[in-house]
Structures are given as structure tokens and as C-alpha cells.
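Structural overview for review
This is what each chain is made of:
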Amino acid sequence: MTNARQFLYEEVAQTVTSMIHDGTLPAGSRAPSLRALGKQLNVSVATVMQAYEELEKSGLLKVRPQSGFYVQAPAPSASTAPRWPSTTAAARKVLIGAHMNEVLDSARSPGVLNLSIANPAAELLPVKALSRSLKRVCASHADKGLDYAPIEGVLDLRTAIARRSAHLDHPVAVESVLITTGATEALSLCLRAVARAGDIIVVESPAYFAVLKMIESLGMLALEIDTDPVDGLRPADLAAVIERESVAAVVSVGTFNNPTGSVVPREAREQIVQMLAERNIPLIEDDIYGELYLGQHKPLPYKAFDQSGQVMTCSGFSKTIAPGYRVGWIVADRHMAELKDLKLISSSATPTLTQLVMAEFLADGRYDRHLTRLRRACLAQLQATRRAVHASFPPGTRISEPSGGYVLWIQLPRGMDANQLYRDAISENISITPGALFSSTGKFRNFLRLCAGQPFTDEIARGIARLGELARGQRPARNPIQ
């Protein structure tokens, strides 16, 4: 009974959240009365009240005595999206390893306010529910959990993942799903399946630094294409590159790019997939943030438009449910045989126990209920973080406004150095990710990424305020990090 009631008020809260996000309830407007919304949704006044109280906690609603609930003002819109000049795309070696390791290590140090690593906070994860799944699996499949899983993964989990694509025109077949040890292994296997040392890999610019590191470690060359801050990879720019270069593969985060938050429009995705299919160029899709959409609908992945089998979609549960479980997957067709061979020599199989737990958790709708809560938290955290940055950072700072995920891409005024800001901040136990890590050329020096995966607290507010003070008092570095 309790679980059903919880689910009901969460549904009401998600409905109101969607109305706020799509503009049905604009900032400053009065939310529907408890009685009116209860009648509209056929729920009790008490259920609506519980939903409104949760939305008040998350910062989306604010109660006015004797008046009711009102929609909180969104993050200020005075700062427009970050923007960067186009540069000539050229293939080059990647050299970011040492700086990337330094930033990641410092973020994990005790006592550091972590605003750099893109993970959800533990309190946002279904710890108790996963623990119950673990107990049930250990009770009923104790022997299976100790054995090797098949190379392609546990069948129940692969089936559950395939079922989540049932709404697509071309649903995913179970045979097209390969379970991996996190999305990082998924991306690495895909690169190794279709390219060799010295080959050219097209990446978006800015690009997720872990992909750049993979390209570096495999001896491949990265060719960066500047993206649109809102619409991501532009088909015309990609067409120009593949016409003049011999490209082995393209890597794209079409949905909620890390770090920009951009979303490639549907028409552009269709063009990109068709263009690459005509030239027999594989597309490696990183869809790790795809489930964290803040509107009413999830953008269709590139794979939804794939008729040739050249698209390989990589995803996982690390950004939504269990980073430490290290369960990811690849949806692929044409290259599945090569991927399975590489999986065998890389790690033999993904740990069986965590696969069984995830399959059990996905079996009865708990994952979707968890995602509803997580999306609501992400929206509130992004809005609160944007407001804090806008209030504290120097005039002229530009801030992304993503429609999914929980990272913000911030452009400091011209002449400022985010590497210097990183050094100043880490000396005060505040961790950020400098923008130079998101390019093989070291550009984006006046950019940084902030992560909003944690509930917005007074500590985070003070940390962002201090970052703003450090940025405002910055002087150009004499010997900036290269």
C-alpha cells in the first residue's frame, strides 16, 4: 500500500514538473489548487499535497502563505549559451593523459568538494531497493552468481535492455545486445572493432575526455569537428570532413552531450546516419545520458535510424543507478562478431552477480519509477547550480542550459584561464574540470565543466560562490598548464 501511494504522488510530481518544463506553468505562475489538480488527475488532495511538498523541497515550487504554491523563477536567462569560434579540423595525436589523471585524482581526495566528476550522488540512488534485489538474487541464484557469465552477457539482462526499445520502429533484438563492464569498456571495444593505430576517428569538439584518452591509448588520431552549442554535431560540417579525409569511425554523443548538453535534432540524426552508411563509416554512439531527459520524451538515438547496421550504441547504468556495479552494454549488429572476440580477450565476461541484480531490478518497473525521481532531482539541481553560477561569476559568463543530464558547460569572459581557476580552486578543496581537457588541441581554455549530480546544499552554494570570487580576482597565468 505504501509503495503504491508513493508511486502515485511521484506521478503527480512528474506531471507538474513536465508542465513547468514545457512552459504550461511558467515561472511565477500559481500552481493548480490542490482540489483542482486532484480532480483533474483523479487523486486525493493529500496525494497532491505530498507531491507539492516534494516539489517545494526540490526548488520547483514555493509556497506563499494564504495564497498557495507558485512556480519558482528558473535560472536567469541573461547569460546566453556558450559559444566558440570554428577552427580548421585536422587529425592529430591526443596528449591529455597526465592532466586528466591529475584532475580525477584531486576530485576524489578526502575533504574536496567534488563539482567535477559526473556521477549521481548516493542519496539519489535506490540503495535499499538494489540491496533487496541483491538478497533475492543471492537466495535464488547463489551458484549462478559465482560462475562466469556468457561472453555476450546474462540473457535476462540483455532481454530487459532490448525490451526498453519496444517503442521504436525497429526494436532492438536480444542478439544485438552485448553486456560490457561499464560504458567505458563499451566505447573502447567499439573503437578497437573498427579502427587500428594511425586511423582517424572523428569526434565532436568539445569531446568527452575519456574518449580522447581512449584514442590516445590506442594510437589513433582524433579529428575534432566544432559543434553547435545547442544542436551538437552539424551534418554539413561532418560531410565536409568525410569528403576530404579517410575516416575509420565517428564518435558522437547525440543526446545530452558531455560537456555541452547539446541534443542533435532528429532530422540531423537521420542525415548523419544515412551519410555515414553511404560511405560505410561506422558511427559509435555514446548514449549514457539518454534516460536523463528533463522534458516529456526521450530523444530517439542514432540507432533508431540505422538501416545498415553501422551504428553501435553504447550505454550503461553508471549515470542513473549504480556507478560501482560497472554494467554497460553495446547495441550492435554488423560488428557483433568482432565485439564479442574483443570482449573475450579483454575481460572474458562482465561480473555475473551485478548482471543478475540489474536484471532483477529491471523486471518490475522499479527502474522507471527511480528514473522519474532522478529526473526531477536533476532538473532542480541544474536550475539551482545555474542560478548560483549566474549570481557569483564575472559579468559576461555564459552558461549552458541543458535539457537533460546533469553537467553545465561554462564559458568565462575572454582572457580568463580555467586551468588557473582549477589550480586556485583545488588549493581550497574545490574540484572543477577545466575545459582544455575536452580537446586534443588544448583549446577551450576559458571554459569549465561543473557537475550538478548532487542535491544542491549550502556547502555547494558556498563552493560556487567562492569559485566566482576566484574567477573575478583572476589574473592571467604566467605559465598556464598546456
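Now for a description of the structure that goes with this document. (Residues numbered from 1 in each chain as written. Predicted model: local features only at pLDDT ≥ 70, side-chain atom pairs only at ≥ 80, totals over all residues. Heavy atoms only, no water.)

1. As for the overall build of the chain
Operational definition: Strands are runs of DSSP state E lasting at least two residues, helices are runs of H or I lasting at least four, and both sets are numbered from the N terminus onward. Using a 1.4 Å probe on the protein chains alone, a residue whose accessible area is under 20% of its type maximum counts as buried, one over 50% counts as exposed, and one in between counts as partly exposed. Residue contacts follow a heavy-atom distance rule, with two residues in contact if any of their heavy atoms lie within 4.5 Å. Note that accessible areas follow from Shrake-Rupley with a 1.4 Å probe, and for residues the cover is restricted to the protein chains shown. Charge counting follows a simple rule: Lys and Arg are positive, Asp and Glu are negative, and His as well as the terminal groups are ignored. For the purpose of locating charges, the reference atoms are NZ of Lys, CZ of Arg, CG of Asp and CD of Glu.
When its secondary structure is counted, the chain shows 16 helices and 16 strands. For the C-alpha atoms alone, the extent of the chain along its principal axes is close to 70 × 60 × 45 Å. Taking all 482 residues of the chain together, the buried fraction comes to 56%. A fraction of 75% describes how many contacts in the chain between residues 6 or more apart in sequence connect residues 24 or more apart. Carbon and sulfur atoms make up 51% of the accessible area of the chain, which amounts to about 20,900 Å² in all. Averaging the locations of the 52 positively and 47 negatively charged side chains of the chain gives two centres separated by 6 Å.

2. Side note on the pattern of salt bridges
Rules: Salt bridge criterion: a side-chain nitrogen from Lys or Arg within 4 Å of a carboxyl oxygen from Asp or Glu.
Taken as a whole and judged by the stated rule, the model has 24 salt bridges. Its salt-bridge partner being Glu291, residue Arg164 comes within 3.3 Å of it at the nearest N-O pair. Residue Arg164 is located in the loop between helix H7 (155-163) and strand S5 (177-180), and its partner Glu291 is located in the loop between strand S9 (283-286) and strand S10 (311-316); the two are separated by 127 residues in the primary sequence. A salt bridge links Arg244 to Glu245; its shortest N-O distance comes to 3.8 Å. On the basis of relative accessibility, which here comes to 46%, the residue Arg244 falls in the partly exposed class. The structure contains a network of salt bridges with shared partners spanning Arg164, Asp287, Glu291, Lys298, Asp368 and Arg375.

3. Quick word on the pairing of S10
Every regular strand shows the same layout, with side chains that alternate between the two sheet faces. The cut-off we apply is this: Strand pairing requires that DSSP identify at least two bridges connecting the strands.
Extensive coverage of S10 is indicated by the burial of six of its six residues. Neither face of S10 is open: one carries Val311, Thr313 and Ser315, the other Met312, Cys314 and Gly316, and all of them are buried. Bridge analysis of S9 against S10 gives four bridges, and the strand direction is parallel. Across the sheet, residue Asp286 finds its bridge partner in S10, namely Cys314. Judged from the four bridges that link them, S10 and strand S11 (residues 328-331) form a sheet pairing that is antiparallel.

4. Concerning the packing of aromatic side chains
Geometrically, a pair of aromatic rings is defined through the distance of the ring centres and the angle of the planes. Our working rule: Each aromatic pair joins two rings of Phe, Tyr and Trp (for Trp, the six-membered one) with centres within 6.5 Å, and gets the label stacked for planes under 30 degrees apart, edge-to-face for over 60, and tilted for any other angle. When the NZ atom of lysine or the CZ atom of arginine is within 6 Å of a ring's centre and also within 35 degrees of its normal, the charge is said to sit over that ring.
A full pass over the atoms with the stated rule returns 12 aromatic pairs. Put simply, the rings of Trp84, Tyr208, Phe209, Trp409, Phe438, Phe444 and Phe447 touch in pairs and so form one group of aromatic residues. Over the ring of Tyr302 we find Arg269, and its NZ or CZ is 5.4 Å from the ring centre. It is Arg375 that lies over the ring of Tyr293; its NZ or CZ is 4.0 Å from the centre.

5. Topic: the environment of Tyr293
Selection criterion: Any pair of N or O atoms that falls within 3.5 Å is considered a polar contact. Within protein, one atom must be able to donate a hydrogen and the other to accept it, and sequence-neighbouring residues count only if both atoms are side-chain atoms.
Its location among the elements puts Tyr293 in the loop between S9 and S10. The contacts of Tyr293, once residues within four sequence positions are left out, are Phe256, Lys298, Pro299, Arg375, Ser403 and Gly404. There is a polar contact of 3.3 Å between the side chain of Tyr293 and the side chain of Arg375.

6. Things to note about the packing of helix H8 (residues 182-194) against helix H12 (residues 336-347)
Defined as follows: To define axes, lines are fitted to C-alpha atoms, for helices over the stretch in contact only, and angles between the resulting N-to-C directions are given on a 0 to 180 degree scale. Orientation labels follow simple angle bins: below 35 degrees gives roughly parallel, above 145 gives roughly antiparallel, 65 to 115 gives roughly perpendicular, and whatever is left gives oblique. Note: crossing handedness is left-handed where the near helix turns anticlockwise from the far helix by less than a right angle, and right-handed where it turns clockwise. Think of it as three bins: nonpolar holds Ala, Val, Leu, Ile, Met, Phe, Trp, Tyr, Cys and Pro, charged holds Asp, Glu, Lys and Arg, and polar takes everything else, Gly as well.
Relative to each other, H8 and H12 sit at 120°, their axes nearing to 9 Å. In terms of orientation, H8 lies oblique with respect to H12. The two elements H8 and H12 cross, and the hand of that crossing is right-handed. Note on element contacts: H12 touches H8 through Glu338, Leu339, Leu342, Lys343, Ile345, Ser346 and Ser347, opposite Glu185, Leu189, Cys190, Arg192 and Ala193. Tallied by class, residues from the contact of H8 with H12 come to six nonpolar, two polar and four charged.

7. Here's the deal with the environment of Lys340
By secondary structure assignment, the location of Lys340 is in helix H12. Judged by relative accessible area, which is 30%, Lys340 ranks as partly exposed. For the pair formed by Lys340 and Leu467, sequence separation is 127 residues and the distance between their alpha carbons is 46 Å. Excluding anything up to four places from it in sequence, Lys340 contacts Ile151, Glu152 and Leu178.

8. Remarks on H7
If you check which residues of H7 are buried, you get Leu157, Arg158, Thr159, Ala160, Ile161 and Ala162. Against S5, S11 and helix H13 (352-362) lie the buried residues of H7.

9. Topic: the nonpolar core
For the record, the criterion: To define a nonpolar core, start from buried Ala, Val, Leu, Ile, Met, Phe, Trp, Tyr and Cys residues and group those joined through side-chain atoms within 4.5 Å.
By size, the foremost hydrophobic cluster in this structure holds 101 residues, and its most contacted members are Ile201, Ile284 and Ile330. Apart from the residues within four sequence positions on either side, Ile201 is in contact with Leu191, Ala195, Ile215, Met220, Leu221, Ala222, Leu223, Ala248, Ala249 and Val251.

10. Observations concerning the sheet that holds S11
Across the sheet, which stays open at both edges, the eight strands sit in the order S3-S7-S6-S8-S9-S10-S11-S5 with mixed pairing between neighbours. What marks the edges here is a single partner per strand, and that holds for strand S3 (91-92) and S5. Across the sheet, helix H10 (residues 235-244) lies against strand S6 (200-205), strand S7 (221-226) and strand S8 (247-252), angled at about 145° from S7, the strand it touches most. Sheet strands in contact with H12 are S5, S10 and S11, and its direction is about 20° off that of S5.

11. Observations regarding the sheet that holds strand S13 (residues 407-411)
The strands making up a sheet associate through hydrogen bonds between their backbones, and the pairing can be parallel or antiparallel. Spatially, S12-S13-S16-S15 is the arrangement adopted by the four strands of the open sheet, whose pairing is antiparallel. Of all the strands in the sheet, just strand S12 (398-399) and strand S15 (433-434) have a single pairing partner and so form its edges. Pairing analysis gives five bridges linking S13 to strand S16 (residues 447-451), with the strands arranged antiparallel. Residue pairing across strands places Leu408 opposite Leu450, the latter belonging to S16. Strand contacts of helix H14 (residues 366-392): S12, S13 and S16, with the helix running at about 20° to S13, the strand carrying the most contacts.

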